[in-house]
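The primary structure of each chain is shown beneath.
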Amino acid sequence: MANFFSSSFKLGILGGGQLGKMMLYETRKYDIQTYVLDPNPEAPCKIACNYFQQGSLMDYDTVYNFGKKVDVLTFEIETVNIKALEKLEKEGTKVYPSPKTLKKIQNKGKQKLFYQENNIPTAGFTKFSNKAHLTEGITSNRIKLPFVWKSTQGGYDGKGVSVIRSGADVAKLPDVECIAEDLVNFKNELAVIVIRNVSGDIKIYPIVEMEFHPEANQVEYVICPARIDSKVAQKAINIAEKVSKAFEHVGVLAVEMFQTHDDEILVNEVAPRPHNSGHYSIEASYTNQFEQHIRAILDLPLGAVESKVGGIMVNLVGEEGHTGEVIYKNIENIMKMKGVTPHIYGKKQTRPFRKMGHVTIIHENIDEARKIAEEVKNTIKVISKK
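Residues numbered from 1 in each chain as written. Predicted model: local features only at pLDDT ≥ 70, side-chain atom pairs only at ≥ 80, totals over all residues. Heavy atoms only, no water.

**A few points about the nonpolar core**
Worth spelling out the cut-off: The nonpolar core is taken to be a set of buried Ala, Val, Leu, Ile, Met, Phe, Trp, Tyr and Cys residues, with the residues joined through side-chain atoms within 4.5 Å. The buried label goes to any residue with under 20% of its type's maximum accessible area, the exposed label to any with over 50%, and the partly exposed label to all in between, with areas taken from a 1.4 Å probe on protein chains only. Per the convention used, a helix needs a DSSP run of H or I reaching at least four residues, while a strand needs a run of E reaching at least two, with both numbered from the N terminus. Two residues qualify as a contact provided that any one of their heavy atoms is within 4.5 Å of a heavy atom in the partner residue.
Ranked by internal contacts, the top residues of the largest apolar core, which has 25 residues, are I207, V243, F247, V255, M257 and V270. Elements with a contribution of two residues or more to this core: α5 (108–117), β10 (186–196), α8 (230–247), β14 (251–260) and β15 (265–271). Per element, the largest residue contribution to this core is 8 residues, and it comes from α8. Excluding residues within four positions of it along the chain, F247 makes contact with T101, K104, I105, Q111, F114, Y115, L253 and V270. Among the nonpolar cores identified, the runner-up in size contains 24 residues, and F4, I32, F52 and V250 belong to it.

Quick look at the structure:
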């Protein structure tokens, strides 16, 4: 085994946002040397890595030259230059998850085709090259309203996703490659975090249930364990394992799913990195998702995935009508509550619905935790200085 700890070994992370920052809690715990690349000079990771470089994640030369400085390279965001990663891998830099895996996931059209080819249950869809092509698909009745529109590239946190109910909705869409997906009448949105290391060992966290904000299309609450039947839970775990093996990913893979009214499980989409739906694990699990990602990409033994206690995560997002220097109003009130831990991401500027932090609530009783989560949500407000 390579000596990763207190040595000259260098781990590179593409992206310096909150996911990278939380990964760095774990590398600091183990004294693993870290290099981070991010376009933002004030990226959350800046304070916690050994070496910070400002630069574009999509620029070939920047990513390639950064990758040459490190022994293992990972990422906390999918929008990175794949060609540079392929060249680095060819020249002997270890890149996890691999460019091959990322290529199948980065474009949502390719991701959906991959599910079809591998017999992974997913909602029906049609791919369109641009807005005119989509409009023609509607007028020729190849697709029927309503449907879910997704841009194939660059969508996240509710951006690049819209429910289309009328021609007026289509008019507002950007002119990009997209998919039109059947609108699934589901009763639950679920997620499963799968960890797979370089040797192919797999561990799967308990299933979580997600409650969404109706307007922003962002997760408001993540609840672990999900309040679902054990047969449905087992079906979801089996599908998540199949997805993991098909992608041959290394590290964390978050598999988002729909549970239909007749208890079918459909895969919505995946993220090959630590994910919002696994944040509860920092307080509630024996080994959190960020430590697992580090263990997996360094081919170390994977940690226990069981929960010590029930956990709920509440996203802290910028209030509507507030843009500018951030203030966390009433944070001291939630800190008085038992089992409540706030995480502040380190973004100095707030804007409506921007992810600024999260709060974990742990409790032996998940229904009690859900009540406290509601109280937390109604108490703390992410606002700007007037």
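**Here's the deal with the pattern of salt bridges**
Test applied: We define a salt bridge as a side-chain nitrogen of Lys or Arg found within 4 Å of a carboxyl oxygen belonging to Asp or Glu.
Under the defined criterion, the tally for this structure stands at 25 salt bridges. Linking K103 and E86 is a salt bridge whose minimum nitrogen-to-oxygen distance equals 2.9 Å. Of the two residues, K103 is situated in helix α4 (residues 99–106) and E86 in helix α3 (residues 82–90); the sequence distance between them amounts to 17 residues. The residue K150 makes a salt bridge to E181 at a minimum N-O spacing of 3.3 Å. A residue pair is termed long-range when its members are at least 10 positions apart, and K150 in strand β7 (residues 147–151) and E181 in strand β9 (residues 178–182) qualify at 31 residues. Judged by its relative accessible area of 3%, E181 falls in the buried class.

**Details of the pairing of strand β13 (residues 219–224)**
Every regular strand shows the same layout, with side chains that alternate between the two sheet faces. Keep this limit in mind: Pairing between strands is defined by DSSP: at least two bridges between them are needed.
Across the 6 residues that make up β13, a large majority, 6, are buried. Bridge analysis of strand β12 (residues 208–212) against β13 gives 4 bridges, and the strand direction is antiparallel. In the strand pairing of β13, E209 is matched with I223. Sheet topology note: the β13/strand β16 (residues 310–317) ladder contains 4 bridges and is antiparallel. Bridge assignment links C224 to a residue of β16, and that residue is G311.

**Notes on the sheet that holds strand β4 (residues 72–75)**
Note on sheets: strands pair through backbone hydrogen bonds, and any given pair is parallel or antiparallel. Our working rule: Axes, fitted as lines to C-alpha atoms, cover a helix only where it is in contact. Angles between the N-to-C directions of the axes lie from 0 to 180 degrees.
Strand order in the open sheet formed by 5 strands is β3-β2-β1-β4-β5, and the pairing between neighbours is parallel. In the strand order of this sheet, the two ends are held by β3 (51–54) and β5 (94–95), each with one partner. In this structure, strand β2 (residues 33–38) lies alongside β3, joined through 4 bridges in parallel fashion. Counted as the bridge partner of D38 is Q54 from β3. The strands that helix α2 (residues 60–67) touches are β1 (10–14), β2, β3 and β4; relative to β2, the one it contacts most, it runs at about 175 degrees.

**Side note on the layout of surface pockets**
Under the convention used in this document: Both site types are read off a 1 Å grid over the protein atoms alone. A 1.4 Å probe that fits but cannot get out defines a cavity, while an open set with protein on both sides within 12 Å along at least five of seven lines defines a pocket; lining residues have an atom within 4 Å of a point. Grid points are joined across faces, edges and corners, and a volume is the space filled by probe spheres set on the points.
When its volume is computed, the second largest pocket comes out at roughly 270 Å³. Taken together, 16 residues make up the lining of the second largest pocket; nearest its centre are E220, V317, E319, K377 and K381. Those elements that provide at least two residues to the lining of the second largest pocket are β16, α12 (366–379) and β21 (381–384).

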